[in-house]
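Commentary on secondary and tertiary structure
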Amino acid sequence: MNNFFLYSLCGIGASMALSCSKGDITDEERPNVILIYTDDVGYGDVAVYGGKIPTPNIDRIAQEGIRFTNAYATSATSTPSRFSLLTGEYAWREEGRGVVQGDAPSLISTDRDTWPKMMQRAGYATSVVGKWHLGLGGEDGPDWNGKIFPGPLETGFDYSYIIPATNDRVPTVYVKNHYVENLDEDDPIKVSFDFNKGPIGDRPTGIDNPEKLKMMWSHGHNHTITNGISRIGYMKGGESALWRDEDIADNLVDKSVDFITNHKDEPFFLYFSTIDIHVPRIVHERFQGITSYGPRGDMMVQLDWSVGALLDVLEKYGLRDNTIVIFTSDNGPVLDDGYVDYAREMLGEHKPWGDFRGGKYSAFEAGTKVPFLVSWPNGIEKNRVNNALFSQVDFFASFASFLDEEYSVDDAIDSKNHWDALMGIDLYGRYSLVQHAIRDELSYIRNDGFKFIPSNDGPEIVPWGTHIETGFSKKDQLYDLKSDPGETNNISKRYPDLLDELRMELEDKLK
Ligand code: NG6
Ligand code: CA
């Protein structure tokens, strides 16, 4: 452990922040927490943020609580955002925390403190259901045919039921606690991400057998075919363990409902990490064609159904009033992310990125500005909007403060207590954020008013077929986000002093 210095924020600051004091909350009153962490859902994808696809259940969370307009994932892709979310440390502090492959070793060392570990110490039953994408196993990666260790259970979750990496990467199997679910030991799993060496096993690939596909690939994603979809990476074996993409949403909801049912009489923390709306966008048959927006729109409706199912089970058990439900996303939106699903062609008037520039992978606002809803009927007022600057890296310190629980500030080095912003009491939140874009190559800073992106040499458009601007430019970029939220006017020449100030702050933070 990095110098485990335990520290209790509330012990020091209880008199300063009313909501910080656990004295206000008895053990019996501790709220349950459900974090609905979606995949590639953009700011403008949700109806309450102006989206055209109906999302009545997600909107319920906004009506029952607070809609944030200035809340951010720490990164424009999944792995680094998830790393920061669970550890309270910006992912860019170490190399190798960009998007990881399906066989990557665990990124979170077992001896570090984490948000879910803190929740366990505070007496919560904890669970992750859905996408993991933080690596599994020791230095050599996971042993798919044996005990998969370390992983979520060593990160602070009592129960885990995960998609190991992404739904477009092999192995396309679920891992329940330490083991692949439904694996036949006579048909062991092997995976390879050595694209130079080529396929392993007998399964067809997307590049050689496109006639076997239920959805064609557009870039990458042409390796082993499972369930009629070619993925990133090669895989052999594990036939009895393969998932059916159409059933993933139902399955993840079922596992979550079981977890809630089993723990309805004690406080619980559920990290519901749905793969909706990440590619391949293969939804259950009952949602296919339900919108005019193609599979991407249908998947939003499937996501909304999942949210409704979770809210309904809370209501069924009388738990809704004392459960904090948070809805947000790991990064911004993308249309073509590797499969021919006509997301662009069928977009109509819907604007997944809202009024912002960029998208997934991008340093522009739509890369990390995400929908962010927080509700807690017992604790916060209904139907509010909060423009406070909030980063997902702050959940850890904020919840620790609220629960009056000690945690390692050396491990959660970037996490700050902004509980009052979450509760709608503080309308300002953070002073600044350092984020990164593309897969992890570009770091930049934004504070409440301005964003500075240092000059750099990278490509201006994501170099694979997504058509998204990276934010790379040979010129320094400075934007006044208050008057120019769409980042159309680079004011770096007009405000050199401000630029220097932000450059120094960024360099200082990157040290
Ligand atoms: C990229 C994939 C993309 C997606 C992304 C991770 C290609 C060409 N693109 O490498 O499809 O899987 O990784 O997405 O391979 S994320 O939301 O999990 O960060
Ligand atoms: Ca994502």
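This section reports on the structure supplied with the text. All values derive from a computational prediction rather than experimental measurement.

Conventions adopted
- Residues numbered from 1 in each chain as written.
- Chains lettered and ligands numbered in written order.
- Predicted model: local features only at pLDDT ≥ 70, side-chain atom pairs only at ≥ 80, totals over all residues.
- Heavy atoms only, no water.
- Helix = DSSP H or I, 4+ residues; strand = E, 2+ residues; numbered from the N terminus.
- Buried < 20%, exposed > 50% of the residue type's maximum accessible area, 1.4 Å probe, protein only.
- Contact = heavy atoms within 4.5 Å.
- Donors = N, O, S within 2.8 Å, 3.2 Å for Na, K, Ca; no water.
- Pairing = 2+ DSSP bridges.
- Axes fitted to C-alpha atoms, helices over the stretch in contact; angles between N-to-C directions.

**Observations concerning the environment of Gly367**
Here Gly367 shows up in the loop between strand 14 (323-329) and strand 15 (372-375). Look at Gly367 and you get buried, because its relative accessible area is 0%. The spatial distance from the C-alpha of Gly367 to the C-alpha of Ile61 is 23 Å, given a sequence separation of 306 residues. Here Gly367 is in contact with Ser75, Ala76, Asn331, Gly332, Gly359, Lys360 and Ser362, once residues within four sequence places are set aside.

**Observations concerning the coordination of the calcium ion (ligand 2)**
Octahedral metals with six donors have ideal donor angles of 90 or 180 degrees. Tetrahedral metals with four donors have an ideal donor angle of 109.5 degrees. Distances from the calcium ion (ligand 2) to its protein donors, Asp39 (OD), Asp40 (OD), Asp330 (OD), Asp330 (OD) and Asn331 (OD1), fall within 2.2 to 2.7 Å. Within one chain, the residues serving as donors to the calcium ion (ligand 2) are arranged as D-D-x289-D-N. In this pair, Asp39 sits in the loop between strand 2 (32-38) and helix 2 (56-63) while Asp330 sits in the loop between strand 14 and strand 15, placing the two residues 291 residues apart along the sequence. Like Asp330, Asp39 is buried.

**Some points on the sheet that holds strand 21 (residues 450-453)**
Pairing is antiparallel in the open sheet, where four strands are placed in the order 19-20-21-22. The open sheet terminates on both sides in strands that have one partner only, identified here as strand 19 (432-437) and strand 22 (477-480). The sheet shows a mean angle of 20° between the axes of neighbouring strands, direction not considered. Direction of pairing for strand 20 (residues 442-447) relative to strand 21: antiparallel, over a ladder of two bridges. In the sheet register, Ile445 faces strand 21, and the bridge partner there is Phe452. Where helix 10 (residues 496-510) meets the sheet, its contacts fall on strand 19, strand 20, strand 21 and strand 22, and the angle it forms with strand 20 comes to roughly 120°.

In short, geometric facts, not functional conclusions.
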